[in-house]
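As a plain string of letters, each chain reads:
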Amino acid sequence: MYAYDEIDRTLVNERVSEFRDQVKRRLSGELTEDEFKILRLQNGVYLQLHAYMFRVAIPYGTLATNQLRALAHVARKYDRGYGHFTTRQNIQFNWIKLAELPDAVEDLAKVGIHAMQTSGNNMRNVTSDQWAGVAPGEIEDPRIWSELIRQHTTLHPEFSFLPRKFKIAITASDHDRAAIKIHDIGLRLIKNEKGETGFEVLVGGGLGRTPFIAKTIKHFVHGRDILSYIEAILRVYNQYGRRDNIYKARIKILVHELGIEKFSREVEDEWQHIRNSSLQIDDEVIEDIRSRFTYPAYEKLPHMPDELRQAAADPDFEAWRKNSVAPHKVQGYSIVTISLKPTGGPPGDATAEQMDALADLADRYSFGEIRVGHEQNLALPHVAKRDLPALWKALDKLGLATPNVNLITDIIACPGLDYCSLANARSIPIAQELTRRFANHELANLIGRLHINISGCINACGHHHVGHIGILGVEKNGEEVYQITIGGRADENAALGTLIGPGVKFDEVADVVEDIVEAYLALRERPEELFMDTVKRLGVEPFKERVYATR
Amino acid sequence: MTSPLEQKKIKIAGPSIVTANRTWDGIVVYRTAAKGWSAELSEAAIVRNSDEARALLAEAVADDVGAIGPYIAPVQVGEDGKILPGNLREQIRRTGVTIGQPAQV
Ligand code: HEM
Ligand code: SF4
């Protein structure tokens, strides 16, 4: 867990009263919507189709149980009893009233939660691996560095008025769970030959209208230099960044236009000027942040407790354990992923009751800590293996034990035309239909790891470009039409998907996905060959043939 | 932000209304003939040519305390005078999400 310091608490509280005043002046007409818009966006308040939407940050995806309960409270008191976990370690409330927002903001501030850096052209909340600090083989807890960057960039003038929004993600494991290659800056914690901690720095990733996979700009930047290096990148960006054209102002466009070599030379020049400045990080600063992350007092526990051995006789438990339970760095413990993708449900939604109950379970079984990942699922990061059977029973009762993590029904979908004012087409009902089609867990397991990502417009909030199967909703002559790509991925081997052919209608999407899956099952060389490997081996042609032969 | 009145020439292809979100709570509202806002589409003022549309929008934009983000949206008017949304987006804005909300399931 992380303990905020006094400066943060003061800042958050000041924001609350400032925002209350702004809302009051807006409601009285003293502020026009034009004047107010930038202020509300600074506080995470958007306008959607049916209501205001309130986006709250969950920095590096770590939540304490009192914070989760506060989110449940906001869902219940000010919203319609649920919240939506997003791909950027945020939670969104979809039905909040402007007049009540200051109260909601204040209730959250009491537990140190805020909405800063969730919108606007600034440095967004720095995201990280949801398994940070507990994943086996991790170089170091990446949240220490996320927090360092958060502190440095929060409200820093140079980062508050960027050409466009700016997103950073950090990972410290070989397997990238933070999707760093689709961020403006991606950082991979590594050690050099001398055993010193530093970063491989990637730059220029992003999706949206013009998607790019980030490129490595420097193979090793020492930890103590990371702030100056990021600052150098931002300065070059600020200098060139095209403020005249909103579609071109992302750093990915700049990197693409200058070329990574020229861009990195410019950054290098800039960096030489500032690397020995006050931006160099003292070990004490890092140590101070490190000391604010506390880890549970783990017990010495057996690798294979009796409880687990006995529960193994129950096939339902075993199915869940094999799917949703991952190894922990400490023997006798596990990381448990909690699927927010029930059959027929909107991906990423959790009710207030589920959040409250989950907070209780986290208190009992996970040292009071919950994690939020970019796949729109939650996790309990420190569960003793002996507690797994009891936890599973409790989760199952809450509808939170669907054993489909990383399977075809673990779909990432944006809100789409059901909520979003920018949408061209619906996303969630497509996801719901697909979870019904593939509800049979044996079938889903037979298919194996397969990520479907759905966006309701080209902004790509559902990361469709990097879905193994990507679905993008567009509008054609007043009708919803969906473009299907295959072969994308968001991990350490990130790639953009390839379009398989003309768009298909709303009612046809699930059939098309079934066709693609059937083609894959027929084409794969052996059961271990994953969908994306088959696509890589054979290209899109055989899938295209299968899908369009009968259409 | 430029005012919606300046954004482009206003041209409508058929019967239209002006819709927005109510400022204090964000709900979907429609501009009425009585120079107010209503949550009921049936109470919306219908405009049938560009001049009417421009006038109704101008009036709506001026009431910034009442509602935000006003724009012109198409509707269908039945023979009985019943007003129906003219596209899926407006249909969803009127009747709500098409997915069932988790807290109600
Ligand atoms: C309904 C409210 C939302 C609005 C108005 C909205 C708007 C946008 C816009 C305009 C962009 C494109 C920015 C650009 O390319 O510069 C964007 C990107 C993005 N949004 Fe949203 N979004 C919404 C909801 C969400 C949700 C619910 C999620 C998570 C599930 C999400 C995750 C993202 C991500 C990850 C990107 C970055 C894609 C990239 O790398 O370019 N957004 N959003
Ligand atoms: S991808 Fe488009 S439709 Fe989906 S949430 Fe983002 S802006 Fe809205």
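Residues numbered from 1 in each chain as written. Chains lettered and ligands numbered in written order. Predicted model: local features only at pLDDT ≥ 70, side-chain atom pairs only at ≥ 80, totals over all residues. Heavy atoms only, no water.

### So, the overall build of chain B
Within chain B, the secondary structure is distributed over 3 helices and 5 strands. Each helix and strand of chain B, placed in order from N terminus to C terminus, yields the pattern α-β-β-β-α-β-β-α. Out of the 105 residues in chain B, the part that is buried amounts to 41%. Of the contacts formed within chain B by residues at least 6 apart in sequence, a portion of 57% connects residues at least 24 apart. Accessible surface for chain B amounts to roughly 5,500 Å². Of this, 52% is attributable to carbon and sulfur atoms. (Helix = DSSP H or I, 4+ residues; strand = E, 2+ residues; numbered from the N terminus. Buried < 20%, exposed > 50% of the residue type's maximum accessible area, 1.4 Å probe, protein only. Contact = heavy atoms within 4.5 Å. Areas by Shrake-Rupley, 256 points an atom, 1.4 Å probe, with all protein chains shown as cover.)

### Re the domain arrangement of chain A
Residues and elements named next belong to chain A. What the domain assignment lists for chain A is domain 1 (6–109), domain 2 (134–291), domain 3 (306–397) and domain 4 (412–548). Its C-alpha centre places domain 2 at a distance of 33 Å from the equivalent point of domain 3. At the junction of the two partners, domain 2 supplies 7 residues and domain 3 supplies 10 residues. Overall, the association of domain 2 and domain 3 removes approximately 620 Å² of surface from exposure, summing both partners, and the carbon and sulfur fraction of that is 60%. If you sort the residues of domain 2 by the area they bury against domain 3, Val-134, Pro-136 and Arg-143 come out on top, with a joint share of 76%. (Domains from an automatic or database assignment. Buried area = accessible area lost by both parts, 1.4 Å probe.)

### What about the site of ligand 2?
Close contacts around ligand 2 come from A:Cys414, A:Pro415, A:Gly416, A:Cys420, A:Leu422, A:Ala423, A:Ser455, A:Gly456, A:Cys457, A:Asn459, A:Ala460 and A:Cys461, and that covers them all. Each residue belonging to the shell around ligand 2 can be placed in one class, and the counts come to 8 nonpolar, 4 polar and no charged. (Near = heavy atom within 4 Å. Nonpolar A, V, L, I, M, F, W, Y, C, P; charged D, E, K, R; others polar.)

### Points about the environment of A:Gly198
Residue and element names in this part refer to chain A. On the secondary structure map, Gly-198 appears in strand β9 (residues 197–203). Considering only alpha carbons, one finds Gly-198 and His-222, 24 residues apart in sequence, at a separation of 4.2 Å. Not counting residues within four places of it along the chain, the set of residues in contact with Gly-198 comprises Arg-188, Leu-189, Ile-190, Phe-220, Val-221, His-222 and Gly-223.

### Some words on the nonpolar core
Grouped burial of nonpolar side chains is what soluble globular proteins tend to show. All names here are of chain A. Among the nonpolar cores identified, the biggest contains 61 residues, and Phe-54, Leu-71, Phe-85, Val-336 and Leu-395 are the most heavily contacted of them. Structurally, this core is a two-domain feature, drawing no fewer than three residues from each of domain 1 (6–109) and domain 3 (306–397). Residues contacting Phe-85, with those up to four places away along its chain left out, are Ile-58, Leu-68, Asn-90, Ile-91, Leu-340, Gly-348, Ala-350, Met-355, Val-372, Gln-376 and Leu-378. Among the nonpolar cores identified, the runner-up in size contains 40 residues, and Phe-199, Ala-232, Ile-251 and Ile-289 belong to it. (Core = buried A, V, L, I, M, F, W, Y, C linked by side-chain atoms within 4.5 Å.)

### Side note on the sheet that holds strand β10 (residues 215–222) of chain A
Residue and element names in this part refer to chain A. Pairing in this open sheet of 5 strands is mixed, and the strands run β6-β7-β8-β9-β10 from one edge to the other. Strand pairing shows two members of the sheet lacking a second neighbour, β6 (127–128) and β10, which therefore form its edges. Where β9 lies against β10, 5 bridges are found, and the strand directions are antiparallel. Paired with Phe-199 across the bridge in β10 is Val-221. Contacting β9 and β10, helix α9 (residues 260–274) crosses the sheet at an angle of about 25° to β10. (Pairing = 2+ DSSP bridges. Axes fitted to C-alpha atoms, helices over the stretch in contact; angles between N-to-C directions.)

### Observations concerning unusual backbone geometry
Residues and elements named next belong to chain A. Although it is not a glycine, Ala-179 adopts a positive phi angle of roughly 55°. Position of Ala-179 relative to the elements: it lies in the loop between β7 (168–171) and β8 (185–191). Its identity as a non-glycine residue notwithstanding, Asn-406 has a phi of 70°, on the positive side. Note on placement: Asn-406 falls in the loop between α14 (388–397) and β16 (412–413).

### Some words on helix α19 (residues 541–549) of chain A
All names here are of chain A. Within the span of α19, buried status applies to Phe-543, Val-547 and Tyr-548. When α19 is viewed along its axis, its buried side chains cluster within an angular range of 110° and face the same direction. Away from the buried face of α19 by more than 90 degrees, exposed residues Glu-545 and Ala-549 are located. Contacts from the buried residues of α19 go to β19 (479–486), α17 (509–523) and α18 (531–538). (Arc of directions from axis to C-beta.)

### Re the environment of A:Gly133
Residue and element names in this part refer to chain A. Following the sequence through the fold, Gly-133 ends up in the loop between β6 and α5 (142–153). The exposure class of Gly-133 is buried, given its relative accessible area of 2%. Sequence separation of Gly-133 and Ile-144 is 11 residues, and the distance between their C-alpha atoms is 9.5 Å. What Gly-133 contacts, discounting residues up to four positions off in sequence, is Glu-138, Asp-141, Pro-142, Arg-143, Tyr-295 and Lys-329.

### As for the packing of aromatic side chains
On inspection of all chains with the given rule, the structure shows 12 aromatic pairs over all chains. On the basis of an interplanar angle of 65° and a centroid distance of 4.9 Å, the ring pair of A:Tyr298 and A:Tyr333 is categorised as edge-to-face. Note that A:Tyr298 is positioned in the loop between α10 (283–292) and α11 (306–311) and A:Tyr333 in strand β12 (residues 333–338), a separation of 35 residues in sequence. Residue A:Tyr333 is classed as buried on the basis of its relative accessible area, which comes to 2%. Three or more aromatic residues joined by ring pairs form one cluster here, namely A:Tyr298, A:Tyr333 and A:Phe367. A cation sits over an aromatic face here: A:Lys329 above A:Tyr295, 4.7 Å from the ring centre. One residue, B:Arg31, lies across the ring of B:Trp37, its end atom 4.9 Å from the ring centre. (Phe/Tyr/Trp six-rings, centres within 6.5 Å; stacked < 30°, edge-to-face > 60°. Lys NZ or Arg CZ within 6 Å of the ring centre and 35° of its normal.)

### Examining the interface of chain B and chain A
Tallying the contact residues gives 24 residues for chain B and 35 residues for chain A. Where chain B abuts chain A, roughly 2,400 Å² becomes buried across the two surfaces, and 62% of that area is made up of carbon and sulfur atoms. Taken together, the connections running from chain B to chain A amount to 1 salt bridge. Here B:Asp64 and A:Arg26 are joined by a salt bridge, their closest N and O atoms 3.0 Å apart. On the surface where chain B and chain A come into contact, there are 11 residue pairs in polar contact (both at pLDDT 80 or more). Of all elements in the fold, only β1 (16–22) and α3 (88–95) of chain B reach the threshold of two or more residues within the side of chain B that touches chain A. (Salt bridge = Lys/Arg side-chain N within 4 Å of Asp/Glu carboxyl O. Polar contact = N/O pair within 3.5 Å; in protein donor to acceptor, adjacent residues only side chain to side chain.)

### Section: the packing of α17(A) against α18(A)
Packed helices, taken two at a time, are described by the angle their axes make and the gap between the axes. Residues and elements named next belong to chain A. As a packed pair, α17 and α18 sit with axes 10 Å apart at the nearest point and diverge in direction by 75°. On the basis of the axis angle, α17 is roughly perpendicular to α18. On α18, the residues touching Ile-516, Tyr-520 and Leu-523 of α17 are Phe-531, Thr-534, Arg-537 and Leu-538. (Parallel < 35°, antiparallel > 145°, perpendicular 65-115°, else oblique.)

### Quick notes on the pairing of β1(B)
All names here are of chain B. A large share of β1 lies buried, amounting to 6 of its 7 residues. Bridging between β1 and strand β2 (residues 28–31) involves 3 bridges; their strand directions are antiparallel. When the bridges of β2 are listed, Asn-21 appears paired with Val-28. In this structure, the hairpin formed by β1 and β2 is closed by a connection of 5 residues, where Gly-26 is found at a positive phi of approximately 85°.

### Comments concerning α18(A)
Quick reminder: α-helices carry 3.6 residues per turn. Residues three or four places apart thus point the same way. All names here are of chain A. Where α18 is concerned, the buried positions are Phe-531, Met-532, Thr-534 and Val-535. One side of α18 carries all its buried residues, which in axial view fall inside an arc of 160°. Where α18 is buried, its residues touch β18 (469–476), β19, α17 and α19. Of the residues one or two after α18, Gly-539 is the one with positive phi, at around 75°.

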